[in-house]
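Analysis of the macromolecular model
Next come the chains, spelled out residue by residue.
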Number of protein chains: 2
Amino acid sequence: MDRAFQRTQILTNHLLRSSPPSRLSSNACLSYSPPELSEDNAFDVEEMRKLIDGHNVEERDWLFGLMSRSGLFNPRVRGGKVFVSPDYNQSTEQQKEMTWKRIEYLLGRGAFKRWLTEKGEEIEMRRFAGFEVLSIYDHSLFTKLGAHIFLWGGAIEFLGTKHHHEKWLRDSENYLIKGCFAMTELGHGSNVRGVETVTTYDSSTGEFVMNTPCESAQKYWIGGAANHATHTIVFSQLHINGTNQGVHAFIVQIRDADGNICPNIRIADCGHKIGLNGVDNGRIWFDNVRVPRENLLNSVADVSPDGRYLSSIENSDQRFAAFMAPLTVGRVYIACSSVYQSKVALAIAIRYALTRRAFSLKPNEPEVLLLDYPSHQRRLIPLVARIYAMSFAANYLKMLYVKRTPRSNKTIHVVSSSFKATFTWNNMQILQECREACGGQGLKTENRVGHLKGEYDVQSTFEGDNNILMQRVSKALFGEYMEAQKRNKAFKGLGLEHMNEPCPVIPSLLNSTTLRCSRFQMDALCLRERDLLNRFVADVSKCKAEGKSTQQAFLMCYQLAEDLGRAFSDRTIFQTFIEAEATLPTGSLKDVLGTLRSLYALTCIEDVSYLRYGYLSVDNGANVRREITKICSELRPHALALVTSFGIPDAFLSPLAFNWIEANSWSSV
Amino acid sequence: MDRAFQRTQILTNHLLRSSPPSRLSSNACLSYSPPELSEDNAFDVEEMRKLIDGHNVEERDWLFGLMSRSGLFNPRVRGGKVFVSPDYNQSTEQQKEMTWKRIEYLLGRGAFKRWLTEKGEEIEMRRFAGFEVLSIYDHSLFTKLGAHIFLWGGAIEFLGTKHHHEKWLRDSENYLIKGCFAMTELGHGSNVRGVETVTTYDSSTGEFVMNTPCESAQKYWIGGAANHATHTIVFSQLHINGTNQGVHAFIVQIRDADGNICPNIRIADCGHKIGLNGVDNGRIWFDNVRVPRENLLNSVADVSPDGRYLSSIENSDQRFAAFMAPLTVGRVYIACSSVYQSKVALAIAIRYALTRRAFSLKPNEPEVLLLDYPSHQRRLIPLVARIYAMSFAANYLKMLYVKRTPRSNKTIHVVSSSFKATFTWNNMQILQECREACGGQGLKTENRVGHLKGEYDVQSTFEGDNNILMQRVSKALFGEYMEAQKRNKAFKGLGLEHMNEPCPVIPSLLNSTTLRCSRFQMDALCLRERDLLNRFVADVSKCKAEGKSTQQAFLMCYQLAEDLGRAFSDRTIFQTFIEAEATLPTGSLKDVLGTLRSLYALTCIEDVSYLRYGYLSVDNGANVRREITKICSELRPHALALVTSFGIPDAFLSPLAFNWIEANSWSSV
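Residues numbered from 1 in each chain as written. Chains lettered and ligands numbered in written order. Predicted model: local features only at pLDDT ≥ 70, side-chain atom pairs only at ≥ 80, totals over all residues. Heavy atoms only, no water.

Moving on, we get to the overall build of chain A. The number of helices and strands found in chain A is 23 helices and 15 strands. Taken against the 2.2 N^0.38 rule, which gives 26 Å for 669 residues, the C-alpha radius of gyration of chain A at 27 Å falls within 12% of a compact globule. Every one of the 669 residues in chain A was classed for burial, and the buried ones make up 63%. Partitioning the intrachain contacts of chain A with sequence separation of at least 6 by distance along the chain shows that 74% fall at a separation of at least 24. Accessible surface for chain A amounts to roughly 24000 Å². Of this, 51% is attributable to carbon and sulfur atoms. (Helix = DSSP H or I, 4+ residues; strand = E, 2+ residues; numbered from the N terminus. Rg over C-alpha atoms; globule rule 2.2 N^0.38 Å. Buried < 20%, exposed > 50% of the residue type's maximum accessible area, 1.4 Å probe, protein only. Contact = heavy atoms within 4.5 Å. Areas by Shrake-Rupley, 256 points an atom, 1.4 Å probe, with all protein chains shown as cover.)

Moving on, we get to the interface of chain B and chain A. At the interface, 104 residues of chain B touch 104 residues of chain A. Interface area, chain B with chain A, both sides summed: about 9500 Å², of which 56% is carbon and sulfur. Inspection of the region where chain B meets chain A yields six salt bridges. Among the ionic pairs, B:D457 bridges to A:K453, the shortest N-O distance being 2.5 Å. Our enumeration of links across chain B and chain A arrives at 44 residue pairs in polar contact (both at pLDDT 80 or more). (Buried area = accessible area lost by both parts, 1.4 Å probe. Salt bridge = Lys/Arg side-chain N within 4 Å of Asp/Glu carboxyl O. Polar contact = N/O pair within 3.5 Å; in protein donor to acceptor, adjacent residues only side chain to side chain.)

Okay, the environment of B:E207 next. Residue and element names in this part refer to chain B. Note on placement: E207 falls in strand β5 (residues 207–211). Sequence separation of E207 and F150 is 57 residues, and the distance between their C-alpha atoms is 27 Å. There is a polar contact of 2.9 Å between the side chain of E207 and the side chain of T205. For E207, the side chain forms a polar contact with the side chain of R290, separated by 3.3 Å.

Residue and element names in this part refer to chain A. On the basis of which strands lie adjacent, the open sheet formed by three strands has the order β6-β10-β9 and antiparallel pairing. Both edges of this open sheet fall to β6 (219–223) and β9 (265–269), since each of them pairs with a single strand only. Each adjacent strand pair in this sheet contributes to an overall mean axis angle of 35°, direction not counted. Pairing of β6 with strand β10 (residues 281–286), which is carried by three bridges, proceeds in the antiparallel orientation. What sits directly across from I222, in β10, is G282. (Pairing = 2+ DSSP bridges. Axes fitted to C-alpha atoms, helices over the stretch in contact; angles between N-to-C directions.)

Residue and element names in this part refer to chain B. The pairing of strand β1 (residues 75–78) with strand β2 (residues 81–84) spans four bridges and is antiparallel. Across the sheet, residue V77 finds its bridge partner in β2, namely V82. Counting the residues between successive antiparallel strands, the hairpin from β1 to β2 contains two residues, one of them, G79, with a positive phi of roughly 60°.

Right, let's talk about the UniProt feature "domain: Acyl-CoA oxidase C-terminal" (unreviewed entry) in chain A for a bit. In the numbering adopted here, UniProt assigns the feature "domain: Acyl-CoA oxidase C-terminal" (unreviewed entry) to residues 523–653 of chain A. Within the segment residues 523–653 of chain A, helix and strand shares are 78% and 0% respectively, and the terminal C-alpha atoms sit 38 Å apart. (UniProt positions renumbered as here; feature names shortened; annotations may be inferred.)

A few words on the packing of helix α3 (residues 45–53) of chain B against helix α19 (residues 588–605) of chain B. Residues and elements named next belong to chain B. Look at α3 against α19: their axes get within 10 Å of each other, and the N-to-C directions meet at 55°. Considering the angle they form, α3 stands oblique to α19. Of the two elements, α3 crosses α19, and the hand of that crossing is right-handed. On the side of α3, the interface is formed by E47, M48 and L51, while α19 contributes L589, V592 and L593. Of the residues in the contact of α3 with α19, the class split is five nonpolar, no polar and one charged. (Parallel < 35°, antiparallel > 145°, perpendicular 65-115°, else oblique. Left-handed = near helix turned anticlockwise from the far one by under 90°. Nonpolar A, V, L, I, M, F, W, Y, C, P; charged D, E, K, R; others polar.)

Take the pairing of β10(A) next. Residue and element names in this part refer to chain A. Extensive coverage of β10 is indicated by the burial of six of its six residues. Neither face of β10 is exposed, since N281, R283 and W285 on one face and G282, I284 and F286 on the opposite face are all buried. Sheet analysis places β9 next to β10, joined by five bridges and oriented antiparallel. Of the residues in β10, the one forming a bridge with R266 is W285.

This next bit is on the packing of helix α10 (residues 325–353) of chain B against helix α11 (residues 374–402) of chain B. All names here are of chain B. Between α10 and α11, the least distance of the axes is 9 Å, while the angle of their chain directions is 155°. With respect to each other, α10 and α11 are oriented roughly antiparallel. Where α10 crosses over α11, the handedness of that crossing is left-handed. Taken together, the residues of α11 that come into contact with α10 (itself represented by V329, V332, A335, C336, V339, S342, K343, L346, A349, I350 and A353) are H376, L380, L383, V384, I387, M390, S391, A394, L397, K398 and Y401. Here the residues of the contact of α10 with α11 sort into 17 nonpolar, three polar and two charged.

In this section: the relation of the copies chain B and chain A. Each of the two chain copies can be generated from the other by rotation about an axis followed by a shift along it. Mapping chain B onto chain A calls for a screw motion: a turn of 180° about the axis and a shift of 0.0 Å along it, with 0.0 Å RMSD after fitting. Between the two chains, the operation in question is that of a two-fold axis. Most of the interface of chain B is mirrored in chain A: 100% of its interface residues are interface residues there too. (Least-squares fit on C-alpha atoms with pLDDT ≥ 70 in both.)

All names here are of chain A. Taken as a whole and assessed by the stated rule, the structure comprises 92 salt bridges over all chains. R404 serves as the salt-bridge partner of E124, at 2.9 Å between the closest nitrogen and oxygen. Of the two residues, E124 is situated in helix α6 (residues 121–137) and R404 in the loop between α11 (374–402) and α12 (409–437); the sequence distance between them amounts to 280 residues. The exposure class assigned to R404 is partly exposed, which follows from its relative accessible area of 27%. Of the charged contacts in the structure, one is a salt bridge between K398 and E132, with a shortest N-O distance of 2.5 Å. One end of the pair, K398, is in helix α11; the other, E132, is in helix α6, with 266 residues separating them in the sequence. E132 sits in the buried class, given a relative accessible area of 4%. Through salt bridges with shared partners, a single network forms among R49, D53, R60, D61, E132 and K398.

As a further point, take the sheet that holds strand β9 (residues 265–269) of chain B. By definition, the strands of a sheet pair up through backbone hydrogen bonds, in either a parallel or an antiparallel sense. Residue and element names in this part refer to chain B. If you trace the three strands from one edge of the open sheet to the other, you get β6-β10-β9, paired in antiparallel fashion. The sheet terminates laterally at β6 (219–223) and β9, the two strands that pair on one side only. Here the average twist between neighbouring strands, direction ignored, is 35°.

What follows is about the side chain of B:R571. Residue and element names in this part refer to chain B. Turning to its location among the elements, R571 is positioned in helix α18 (residues 558–582). Assessed through its relative accessible area of 1%, R571 is described here as buried. Among the polar contacts listed, one links the side chain of R571 to the side chain of E529, at a separation of 2.7 Å. R571 has contacts with L494, G495, L496, H498, M522, L525, C526 and E529, leaving out every residue within four places of it along the chain.

Attention now goes to the environment of B:Q377. Residue and element names in this part refer to chain B. Residue position: Q377 is located in helix α11. Exposure remark for Q377: the relative accessible area of 9% places this residue in the buried category. A sequence separation of 255 residues divides Q377 from C632, and the C-alpha atoms of the two residues are 6.0 Å apart. Those residues in contact with Q377 that lie beyond four places of it in its chain are L371, D372, P382, C632, S633 and R636.

The geometry of two aromatic rings is summed up by the distance between their centres and the angle between their planes. Residues and elements named next belong to chain A. This structure, assessed with the given rule, holds 62 aromatic pairs over all chains. When the centroid spacing of 6.0 Å and the interplanar angle of 40° are considered together, the rings of F83 and F658 count as tilted. Of this pair, F83 sits in strand β2 (residues 81–84) while F658 sits in the loop between α22 (639–644) and α23 (660–663), and the two are 575 residues apart along the sequence. Per residue, the accessibility class of F83 equals that of F658, and both read buried. When the ring of F128 is compared with that of Y333, the centres are 4.5 Å apart and the planes differ by 35°; the resulting orientation is tilted. Taken together, the positions of F128 in helix α6 and Y333 in helix α10 (residues 325–353) put the pair 205 residues apart, joining distant regions of the chain. (Phe/Tyr/Trp six-rings, centres within 6.5 Å; stacked < 30°, edge-to-face > 60°.)

Set out below in C-alpha cells:
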C-alpha cells in the first residue's frame, strides 16, 4: 500500500468518523489477562458472600438486576461489558430529575413495597439490604430515598402516634406524598436544640403558626425540598403562652399535589455541591405558616385544643432526646451502606492491581504486577480485612436495631454513633487509598473509585458530625463508669464487662503465635479501652476539681475522648468478627477468616495510641508491624477471591476492574 | 394587616419572583460579626506577606486584579462582595472552552510576556509567581497553561537545541503554536522507559516514522490534546537499524492552524474526570506519522541525515535521565503552587471558625466560637504553621532552581521530588481537614474548600507518583551514604552534613524551654534522618547479602524508605524556616514566627516514627503533645492575622469566609 493512498484512506476514515485501518499489530505489546486466569479460589466465594452479606442475598440480587436492566440507570458498554452509573457530566438540574425518575421506576417495580406500612424484623432487614444495594449505584439515589423513607417516614413512625401512622405512611410508601426532613438551619447544624424557627399556637383557630424569624433560621440542606417534596417535618421551638417548651416536630405541607409551592412558604436551592448533585437540597423560610394542631408529632408531648401544653416526659432533656430517634435510624443506614461503598472501591483497586504491571526488576524481564509489590499489598490488603470486620459489625448493628427494646436504646445510640463515625471515616480513607492505588485511572469518573470520594464526603458530617458523635460515645462511657462507681456495681452493657476482670497483661516479647491468637488480640484491645477510660475519667475529674464545669472538662480532655472513642469502636467491631468466625465449621472459610481477623486486629494494635500510652514496647511495636507485612503476603493469593466475595455485580464496578485496555481502545471511541 | 390579605400578597410576590414582605425581625437571632472587629493584629501583616510570598508581590496583585476585573472569570456578588470562581455546573465541553478563553484573555493582557523568550532568574521567578496566582483561581487554568509553558516549552528549552529554540519558542509564547506533552501512555505512566510508541528513521526521505503499535501504547491524559493543541512532544522508543536506542522526544504536529486533526493522527477525549474538567486531556494514536528529522529534540542525541545514531551521552541511563528534565520543572511548579492552594482553604476555614458558633457551655450563655474550642484549634492551627514552613521551603526550592548549575542538578531533583510529594500530600490533608472543619458548608462548591479536593487530587500522582518519588529520594540518600563510605569521605550536599557530626542526644526529660529551642528541634529532626538512613542502608545491605538484587532489596525495605523520605523532607523544610527566621530583626514578626516554627517542628516530632523507633520515650512523647496544645492556644489570638498574611484577595476566597448569613439571605436568591 503506497503512502499517499494510505494517507488518503486514513483521512477519509477520519472524515467518515469510522475506524481507520488498524495499525496495531496483532500481538499487542501489553495484553490484558483476566485475573481469574491466574488466581485461584481457596474457599467457596458464594458461602463467603452469604456470610458477610448476612441477610437478604436474593433480595439484593433482584434489586441489582432491576437497576442493570433499565435504560434509566445509564448503561454503557465498555470493553465488551455493560456498566451502570449516572452521567455526572449532566447539570445539577438534569441529575436531580434523573434521580427522581429512577425512584419512580423502582417504585413502579415494587422495590419499596411494605417499607413503610409493615413493621417487624423481616421487613426492616429487607429495607437495610435495599438501601445498601441502592447506595452503591449512586449516593444521590440513596440519600433522596433515605430522606423520604427513614427521615420523613421514620419521624412519623417514631415521633407520631396512631393517627399520624394511619394518615401518612401508606401514601408516603406510594409516593403520593413526598416527604422531607427540615431539622438543620443555616445557623444550627449539630446543635439542634439551638434551632431558631419559632412556632406558636393560636387557640382561636386551633392552628400552630410557624415563622422563620431571621435569616440564620432558614432551613438548610433539606434533601428533597428544592424540587419535589410536598411535605416536610419541621423541627421548631414551640412557644406556648410565652414559655418555650423546646424543640418539637411538625408536619407541614410545602407544595400542592401539582408541585406548586404553598402560600407563606419560600424555597430556594442550595446550589452546586461537590457531590450528591442528584439530590434537590433546599432551603425553606416560613412566613406565618398555619399548621393544623394534629400535625404536631405528639408521641411525647401535645397541645390541647385550648392551648395547654401536655407532655408525658417532664424532663426537657429526655424529651429532646426522644425527638432525635429518626437520626439514630439514619446513622444505622449510613454506617451499614458505607461498608458496601468501600467494597466497590476496593474490588476495583484489587482487580486492577492484579492486571496492571509497572517496572521490571531486571532488564527484559516482564514488568511486575502491582499487587506483587510488598508496598502495594501493604496499602490494600489491610483494607480488605477492615471491610470484612466492618461487614460483621454492620450485621451486628442491624440486628441490634431491629431487635430493639426500650432497654437497648442506649446501646443502639452509642454503637450506631461510633460505627457511623468509624465506618464513614474508614470509607473515605479506603476510597482515597484506592484512588491513589489506581493512579491516574482513579481520576476518571467512569472508573468510580475517585468519584465516590466527592459523593460520600458528606457522610463524615451529616446525621451528626463524626467528631461530635465520638465525643458523645466517650461521654456515654464516662457515664457508665460513674454509674458503676457510684453504685459500686459491676459494668454491664456496651461490652464493658471486661472492665470487671483483672487487667490483661501484654507479654514482654510478642512472637508470631501470640500475635495471631484471638485471645491476645482481644486482650490488647480491651487493655487500651480500659486504660483510656480510666485516664479519661481521671482527667475529667481533675479538671472538675480545678473548678471547671463538666462540659468544660470534657472539652479540655478532647484528645483522650477521641482516642477512647476509637478504642471502643475497634474493640466492639473486633468482637463481632470473633463471633462471626465462631459460627463457622473448621475449613478453608474459617482459616482465611482467621487470618483476616488477625490482620484486622494487628492493624488496630499498630495504631499510634499503643506506643503513645506505652501499651507496646518499641520492640513489640516492630513485631506487630512485621507480622502485618507477613500476613499481607499470605493473603495475597486470596485477594481476588476475597473481593469477589463482596458480591458486587460486575456492572456496578467499573471498566478499570476488567479489560481496561479494550475499554480504552480506539474502536470504543 | 389581615391574614387573607397577607397571604394573597405573599402569593403574588411568589408569582412575581420578587421578595415577599420581610417576616424577619430586625434583630436577627444570629448576626454575623466580621472577625476583624474582635481580632487584633500583633504584627504587620503586609510585612509578613512579603516575607512568605518572598518575591514578585506586585506582579501577583496585578494578576489577581486582571482576573477579578474580567467577566470571563465568572464574578458573582454574594453577601455584598464579589467572588470569582469557575462555574463548575457547566459541562466538561463548556468548561474547556472557558479555560481557553481565560488563557486568551490573559495572553491579550500580556500576562505571559517573556515567559518563553527570555532567560534568567528574574523572569523565572516572575513566572513562578504567575503560576502560583493562577493556580488558585482554578486548577484547570494552571494545568492547561502549565502543559503549554513548562512541559511543551520546557521540553523544547531543555531537550532541544538552538534551532528548536529559535523556531518554536516565540510562536509558543504568543500561542500561535499550542503545545502539549505526550509522555504517558495507557500502559505506562511512572515507568516512562517502558513506553511502547515506536519511531524508526527513513533515510530515503529524511523523516522519522512514528507508530502506536498497540492499544496500550496510545498516549493518554495528554493535557491540551483533545481540543486545542496544534503540536506535541512525543516520547517514543527510537529504533535505528534494528537497535532500540531508548526513549527520545520528538516534535509532532497534530492539528493544522484551523484546528483540523492532521492525517495519520487519531485523537480521542479522556472523558469526564473528578476534577480538571476544564483541561482537554486527550489520547493520541500515531499511524505511520512522518516527522521531519530536525524535529528530534537533539540536545543529547541526534540522527544524521543518512541514519546514523549520534549521542553525546554514551550511557543510556544517563541519556534517559536527561530526557526527564521537563518533569523536574513541572514538579517545582506543582510543589510551590500547592502551598498557595492550601492557603485558600485554610484562610476560609479559619475565618469561618472565627464567625461560626456552636453549643453553649451553660444554658442561656452565647454559643462558643468554633476556634475557641481546644479541639478546633488543634485541628487548624498546626496547619497554619505547616503552611508557613512550606512557604519558606517553596521559596528555597524556587531559588535553588533558578540558580541551577550542572552541579546542583542532583539536589534539585531530590529536593523537588521530596517537596512535590510532601506538599501535595499536605495539601490534600489540609483541604480535607478544612472541609470537615467547615461542616456541611464545606460541601458547597461556591465555598471552594471541599471542591478543591477533587481538583487537586491529581497532584499526588501526576508528574511522578508521590510514593515512587519518595522511594527515589531514599535511594538517592542511600547513594550518598554508599559514596561517602566507599571513598571514606564526609557527607556533602543535600543537607546531610549533620551526618559528619556526633549523633545528637535527646534529653531524657523534655521541658517547655527545650521543646521550643530551635537547636533541640533541629537535633531531633537530624537524629531521625540519620538513624533511618543508617537502618535503611543496613537493611538493604542485609537483603543483598541474602542474595536479593539491589532493586529487590529496595522493594523489601519500602517502609524504611517511606519513613526516611519523610524525615529528609521534614528536616529540609525546617532548615528553610530557621533561615527565614534568621533574616528578621528582633520584634513582633520574629516572635510569632518563632512560635510557628516551634509548632511546626513539634508536629513533625509528634509523628509516630519518633515513638516507633524509640527516639522519644512515652513521657517525652506526652510532653511534646502537651506543648503543641499549649502553642495552639497561644497562637489562637494571631490566627486571623496569620491567614490574612497569606495575601489572598477576598474575591479568591469564598462567601463562607465573609458574611455567610447575608450571602445566604432570601434577598440573594
